[in-house]
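Residues per chain are reported as follows:
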Amino acid sequence: MRMYDLIHAKKMGGALNSDQVRFWIRGVVDGSIPPEQSAALLMAVCWRGMDTEETLALTLAMRDSGDRLDLSAIPGVKVDKHSTGGVGDKTTLIIGPVVAACGVPCAMFSGRGLGHTGGTVDKYTAIPGLRVELDPDAFRESLRATGFANSAQTGDICPADRRLYALRDVTATVESIPLITASIMSKKLAGGADALVLDVKCGQGAFMRTLEEAQALARSMVDVGRAHGMKIKALLTRMEEPLGWAIGNALEVMESVEILKGMHGDGLLAQMSFRLAAEMLVLGGVAQDLESAMGQVARAVQSGEAMERFRAWTRHNGGEVRSLDDFSGLPQAGQCVEIRAPRRGWMAALDSRALGILAMELGAGRRNQGDLLDLGVGLRVHRKVGDPVEAGEPLFTVFAKAGTQVAPEPFLATVGWSESPVAPEPWLLGVVE
Ligand code: URA
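Definitions and cut-offs
- Residues numbered from 1 in each chain as written.
- Predicted model: local features only at pLDDT ≥ 70, side-chain atom pairs only at ≥ 80, totals over all residues.
- Heavy atoms only, no water.
- Near = heavy atom within 4 Å.
- Polar contact = N/O pair within 3.5 Å; in protein donor to acceptor, adjacent residues only side chain to side chain.
- Areas by Shrake-Rupley, 256 points an atom, 1.4 Å probe, with all protein chains shown as cover.
- Nonpolar A, V, L, I, M, F, W, Y, C, P; charged D, E, K, R; others polar.
- Helix = DSSP H or I, 4+ residues; strand = E, 2+ residues; numbered from the N terminus.
- Contact = heavy atoms within 4.5 Å.
- Buried < 20%, exposed > 50% of the residue type's maximum accessible area, 1.4 Å probe, protein only.
- Salt bridge = Lys/Arg side-chain N within 4 Å of Asp/Glu carboxyl O.
- Pairing = 2+ DSSP bridges.
- Axes fitted to C-alpha atoms, helices over the stretch in contact; angles between N-to-C directions.
- Phe/Tyr/Trp six-rings, centres within 6.5 Å; stacked < 30°, edge-to-face > 60°.
- Core = buried A, V, L, I, M, F, W, Y, C linked by side-chain atoms within 4.5 Å.
- Domains from an automatic or database assignment.
- Parallel < 35°, antiparallel > 145°, perpendicular 65-115°, else oblique.

Colleague: Pulling in residues and values, what's your account of the site of the ligand?
Modeller: Taken together, Tyr165, Arg168, Ile180, Ser183, Ile184, Lys187 and Phe207 make up the full set of residues near the ligand. The side chain of Ser183 places a nitrogen or oxygen atom 2.6 Å from a nitrogen atom of the ligand. Here an oxygen atom of the ligand sits 2.5 Å away from a polar atom, N or O, in the side chain of Lys187. Coverage of the ligand by the protein amounts to 86% of the 240 Å² it exposes when considered alone. Its residues assigned to classes, the shell around the ligand shows 4 nonpolar, 1 polar and 2 charged.

Colleague: Requested: an account of the side chain of Asp122, with residues and values cited.
Modeller: For Asp122, the position within the fold is in helix α6 (residues 120–124). Look past the residues within four positions of Asp122 in its chain and what remains in contact with it is Gly111, Arg112, Gly113, Asn249, Arg366, Leu373 and Leu375.

Colleague: An account of helix α16 (residues 352–362) is needed here, citing residue identities and associated values.
Modeller: Those residues of α16 not exposed but buried are Ser352, Leu355, Gly356, Leu358, Ala359, Met360 and Leu362. On the buried face of α16, the contacting elements are β6 (246–247), β8 (345–350), β9 (378–381), β11 (394–400) and α17 (409–412). Just past α16, the residue Gly363 takes up positive phi, approximately 115 degrees.

Colleague: Describe the pattern of salt bridges, and please don't skip the residues or the numbers.
Modeller: Within this structure, the stated rule accounts for 33 salt bridges. For the salt bridge of Glu279 with Arg275, the shortest nitrogen-to-oxygen distance reads 2.8 Å. Of this pair, Glu279 and Arg275 both sit in helix α12 (residues 268–284), 4 residues apart, which is roughly one turn of the helix. Across this residue pair, the class does not change: Glu279 and Arg275 are buried. Each of the salt bridges in this network shares a partner with another, and the network as a whole consists of Arg22, Arg63, Asp64 and Arg68.

Colleague: Can you tell me about the sheet that holds β6, naming the residues and giving the values?
Modeller: Each strand in a sheet pairs with another by means of backbone hydrogen bonds, the pair being arranged parallel or else antiparallel. Read from one edge to the other, the open sheet built from 4 strands follows the order β6-β9-β11-β7, with strand pairing classed as antiparallel. In the strand order of this sheet, the two ends are held by β6 and β7 (335–340), each with one partner. Pairing geometry for β9 and β11, over 4 bridges, is antiparallel. If you follow Leu379 over to β11, its bridge partner there is Val398. Contacts from α16 reach β6, β9 and β11, with the element oriented near 30 degrees to β11.

Colleague: Tell me what's going on with the packing of aromatic side chains, and back it up with residues and numbers.
Modeller: The final tally for this structure, using the stated rule, is 5 aromatic pairs. Consider the rings of Tyr124 and Trp313, whose centres lie 4.9 Å apart with planes at 50 degrees: the pair is tilted. Separated by 189 residues along the polypeptide, Tyr124 in helix α6 and Trp313 in helix α14 (residues 305–316) bring together distant segments of the chain. Of the two residues examined, Tyr124 and Trp313, each falls in the buried class. The interplanar angle of 55 degrees and the centroid separation of 6.1 Å between the aromatic rings of Phe396 and Phe411 together place this pair among those described as tilted. You can see Phe396 sitting in strand β11 and its partner Phe411 sitting in helix α17, a full 15 residues away along the chain. When sorted by exposure, Phe396 lands in the same class as Phe411, which is buried.

Colleague: Run through the nonpolar core, naming residues and quoting values.
Modeller: Core analysis: the biggest nonpolar cluster contains 58 residues, and Val98, Val99, Tyr124, Ile127, Val253, Leu281 and Phe310 have the highest contact counts within it. For this core, the secondary structure elements donating two or more residues are α5 (91–101), β2 (106–109), α6, β4 (195–202), α11 (249–260), α12, α13 (290–302) and α14. Considering every element that reaches this core, the biggest residue donor is α12, with 10 residues. For Tyr124, the residues in contact, after removing those within four places along its chain, are Thr92, Leu93, Leu130, Val132, Asn150, Phe310 and Trp313.

Colleague: Lay out the domain arrangement of the protein with the relevant residues and their values.
Modeller: The domain architecture assigned to the protein consists of domain 1 (3–49), domain 2 (79–324) and domain 3 (330–418). Here the C-alpha centroids of domain 1 and domain 3 sit 43 Å apart.

Colleague: If you had to explain the packing of α5 against α14 to someone new, which residues and values would you point to?
Modeller: Running from N to C, α5 and α14 cross one another at 110 degrees; their axes reach a closest spacing of 8 Å. Comparing the axis directions of α5 and α14 gives the class roughly perpendicular. Here α5 contributes Leu93, Pro97, Val98, Ala100 and Ala101 to the contact with α14, which in turn contributes Glu305, Ala306, Arg309 and Phe310. Residues that form the contact of α5 with α14 fall into these classes: 7 nonpolar, no polar and 2 charged.

Colleague: Help me get a handle on the environment of Leu114, residues and values and all.
Modeller: Checked against the element boundaries, Leu114 lands in the loop between β2 and α6. Residues Leu114 and Asn368, 254 residues apart in the sequence, show an inter-C-alpha distance of 6.9 Å. Those residues in contact with Leu114 that lie beyond four places of it in its chain are Asp169, Arg366, Arg367, Asn368 and Gln369.

Next up, the structure:
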């Protein structure tokens, strides 16, 4: 078999069979296929696409390129959640303890952030002492002891994805539905969970800008998961304004803890997190339907059991539990700068992508892989779309390094105004199952 023939076939719009796909992925991992040939095939896939069978074959070949985690010794349906990434998205921090408190083992792998979106692992590193990279035994032990495990990838899971993603990143080939599907689902299948809830984000703050693209990605991932025996469901959710009030690592831990303690229950972040958790309870088999699952979630939060799980998990994994109740123990910024509204009106838009980039520039995110983060910096959003605003009211608090000049203009430019009341759009755009 020659890689040249695979590239040529895909360039002409042909389909690759599973032997050809395995040949490619084996060569990516053992180095026998040079990056320029993989880059050419990736570009051909971007233009020509892959049918369902090819996407399945690619997912399996990538899953089998490295270790697989065996969770079969842990009783129950092990449930995972994946979000395609947004600004201020800290739902994972909330969902793990809630789902565990409701009796479903929750096994999640998370990533680090790049560009305008943050990563769950970075948020966790704001908790002093917390271990965020667990080996397979430590991952299973956390799941057994506390009901949930959440770590950066353990062992050598999907090395083919790491190599291909690095190539995609520099060859403008990230945005391809079959490539995204195989990248995400190979890791999920290797992670060992039995069930998966997907949060596919749609909008200007997300990978998928239109509802049609988000639907197509969700359909593709659900089909691949189901074909491999997973229980799986996708929610399509709007990502226009930031999720919740915080952007920045320690600030997002604080907001997640507040929600686990029962605050902000009517806000979008709590609603979305609780709905995703409830979907996981249904797939996990402890709730008959969504309504009773939502009831279980509400009781877990109101009784304090969900927050207690978060403390137990933090303690188990070496983190300082005190910092969850006394936020002065979390990393702090050197200065806080308030940015006030220049006019009255209604907030009609809030550009999450631009705010994510501003937070990254403050040091909360990475422009390039390997950049060091400042865990205390970020921003607090005081008004959301639909809120009335008076001139002079605080719109943002910026948490910056001491000595950084914080100009208000870039923050104010993220706000769209209306002279009349604005109804916020619904956050749930659809369900794919
Ligand atoms: N996240 C991934 O893990 N892979 C992709 O291809 C895109 C987003």
